Amino acid sequence: MQPIVIDASEYGILPDTGKDTAEKLRAVIEQAKRHPAAEIVLKAGTYILEKPEHNIMLPFEGCENLTLRGAVDTDGAPATWLKIRMPLQNDAPGWGFIAVRRSENIAFENLIFDYAERFSSAGEVAAVDAENDRVVVDVFEGQSHFDGMKCYSANSWNLKSKELNPIPALTIGFDQQVFSHTWHRVDHTERRYAIQGIGMSRLVKPGDGVSWHFNVIGRGEDRPNVFLVSNSENFRMENLRIYSCMGMIAIFVANRNITMRDVRVEPEGSSLAVCPRDFAWLVATSGKLLVERVYVKGVRWDPFNVHAGIYPITEMEADRKSIHVEMEKKYQRFCGEQRTVFFWTPDGAKNVPMTEIEETETSFWMRFANALPEEVAVGGYVTPGWMVLEEVVFRDVTIEGNCGTGLLFQNMNLMVEDCVFRNNTYDDIALGPIVSKEGCFVQNAVIRNSFFEASTWMNKCGTHEGAISMINAFEPLAAAPYNRNISITQNRFRNYKTAICVRNAEKIALSENRMENVQTEVLIESPKKHEVEN
């Protein structure tokens, strides 16, 4: 199908005017939806987005076969900037760039996402008064700043190497009592600020770099994301740059088939960090996830969190052929397309094909051809197959300089190859459920030909510590080795306390991994020794 090409400039949408283009772009998107296939083309330059519609600048609702494409420079890098302009403030309202809902075959190419003024700042520590818990910084030229700035998701940086210093986060979380301590301008200086009483003085010294954010907005549908994608199929982002975001950069809920290729999330100019939350948070995703030639630096919490879900069985009919499970409606988009159900029983995982499903707003009944095994019972746990990815590939990906776990993977069928993980606060790769409401357990994973260096100086849950860790923080199922069929081969590990940590796992194959300055190569915490081939 040959798409119709819509040149946005023919509709008065021009770059570098300094005027808001959001309303006109929304009108062009609505026009493009009328065609079987369309490409909206933006010329090189900067487009301001200032007036949202329902907290979203550019909504793509019920679209099919639609691409938003920017221009490229002579090197092939994106040359079209989309910048949100809004007044600087703490805890600003959540204006998102793009929302894609109930759409198919949607792509975004050759675009740069940023703010006219970033809701973050960075500077160099000028003085530390430990006795009074006071830190003074000189804010870098080009950084946003104002008296009374909050200090969310703050981190310390080596300004020569532009790497995270291997210390705890300077600030973390949402506790508003903690964040009542704010930055105040010193005397009548232009860019010198001080903060007191927040606990930072024990962690930094003069000459360190410090980054912080004015917002730390969590999950939800009206949040300041670059992408919010839900209930959609065949979504692609390619040749993008993301330099700043006020919350999670990309949230994916109940989608099928996602591609990220040639995407760079990185600090630009004098910035040290990009956002106060994750890069990509994916839940209830099915089909294929391809992440190729992607670079992520400067995010707080996890660059990638790929998870399904673990749900309790609340009812079972007498013939043991039907069970009732409670689940939010938004997670049921593709429930008819993958009929396998994973039962997490005391004896291990049981995969059973489903014959019928009956949906409600908050739950569903699953029906099966035969009576379920005796170990399946009310109070047990399941993962629906439509939340499980059929294939996940991370290829030629670099994840470095992030205050979080590089890849938190709580799904199945993973391939990581030819990647680089370094200078990340927690594990570079964590396999398995990290909290009780997330999951599932990891089955069928290969990690090969990748390089790991000098991460994991903080122990995220107090139960694991490897560059690659297999974990289980889901207490009701804490004993059984549900993580299984995992191969870690031909990787290089440099400068770690522990390279590989095995917990709640079986059928683990380790081979030809090269260790350099590693204290413990393999820490086996829970499975029997014979379950690990090394």
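The preceding data block contains the structure.
The following refers to the structure shown. (Residues numbered from 1 in each chain as written. Predicted model: local features only at pLDDT ≥ 70, side-chain atom pairs only at ≥ 80, totals over all residues. Heavy atoms only, no water.)

## Here's the deal with the sheet that holds strand β24 (residues 322-326)
Strand order in the open sheet formed by seven strands is β26-β25-β29-β23-β24-β28-β27, and the pairing between neighbours is antiparallel. Two strands close off the open sheet at either side, each with one partner strand: β26 (348-353) and β27 (356-359). Strand-to-strand, the axes of this sheet are offset by a mean angle of 35°, without reference to chain direction. Note that strand β25 (residues 340-345) and β26 share six bridges and pair antiparallel. Note on β26: the bridge partner recorded for Val341 is Val352. (Pairing = 2+ DSSP bridges. Helix = DSSP H or I, 4+ residues; strand = E, 2+ residues; numbered from the N terminus. Axes fitted to C-alpha atoms, helices over the stretch in contact; angles between N-to-C directions.)

## Regarding the environment of Val274
The topology assignment puts Val274 in the loop between β19 (256-265) and β20 (280-283). Residue Val274 is classed as buried on the basis of its relative accessible area, which comes to 0%. A C-alpha to C-alpha distance of 9.6 Å links Val274 and Trp212, two positions 62 residues apart in sequence. Sequence-distant contacts of Val274, defined by excluding residues within four places in its chain, comprise His213, Ile242, Tyr243, Ser244, Cys245, Ile249, Val265, Glu266, Pro267, Lys297 and Gly298. (Buried < 20%, exposed > 50% of the residue type's maximum accessible area, 1.4 Å probe, protein only. Contact = heavy atoms within 4.5 Å.)

## Focus on the pairing of strand β14 (residues 192-196)
Where strand β10 (residues 134-139) meets β14, five bridges bridge the pair, whose relative direction is antiparallel. Of the residues in β14, the one forming a bridge with Val137 is Tyr193. Sheet topology places strand β13 (residues 184-185) next to β14; two bridges connect them, and they run antiparallel. Its bridge partner being in β14, Arg185 is matched across the sheet by Tyr193. Counting the residues in the hairpin turn of β13 and β14 gives six residues, including Asp187, whose phi is positive at 50°.

## Considerations on the sheet that holds strand β12 (residues 163-164)
Strand order in the open sheet formed by seven strands is β12-β11-β15-β9-β10-β14-β13, and the pairing between neighbours is antiparallel. If you trace the sheet from one side to the other, it starts and ends with β12 and β13, each paired once.

## A closer look at the pattern of salt bridges
Across all of its chains, the model carries 39 salt bridges by this definition. Between Glu390 and Arg256 there is a salt bridge; the shortest N-O distance is 3.1 Å. In this pair, Glu390 sits in strand β30 (residues 389-395) while Arg256 sits in strand β19, placing the two residues 134 residues apart along the sequence. In this structure Glu390 comes out as partly exposed when scored by relative accessible area, which is 46%. Take Arg256: its relative accessible area is 14%, and that puts it in the buried class. Members of the salt-bridge network, linked through shared partners, are Glu39, Arg69, Glu109, Arg236, Glu238, Arg261, Asp262, Glu292, Arg293, Arg395, Glu417 and Arg448. (Salt bridge = Lys/Arg side-chain N within 4 Å of Asp/Glu carboxyl O.)

## Observations concerning unusual backbone geometry
We note that Asn55 has phi near 70°; this positive angle belongs to a residue other than glycine. With respect to the helices and strands, the residue Asn55 is situated in the loop between β3 (45-49) and β4 (56-61). Unlike most non-glycine residues, Asp396 shows phi in positive territory, near 55°. Judged by its relative accessible area of 41%, Asp396 falls in the partly exposed class.

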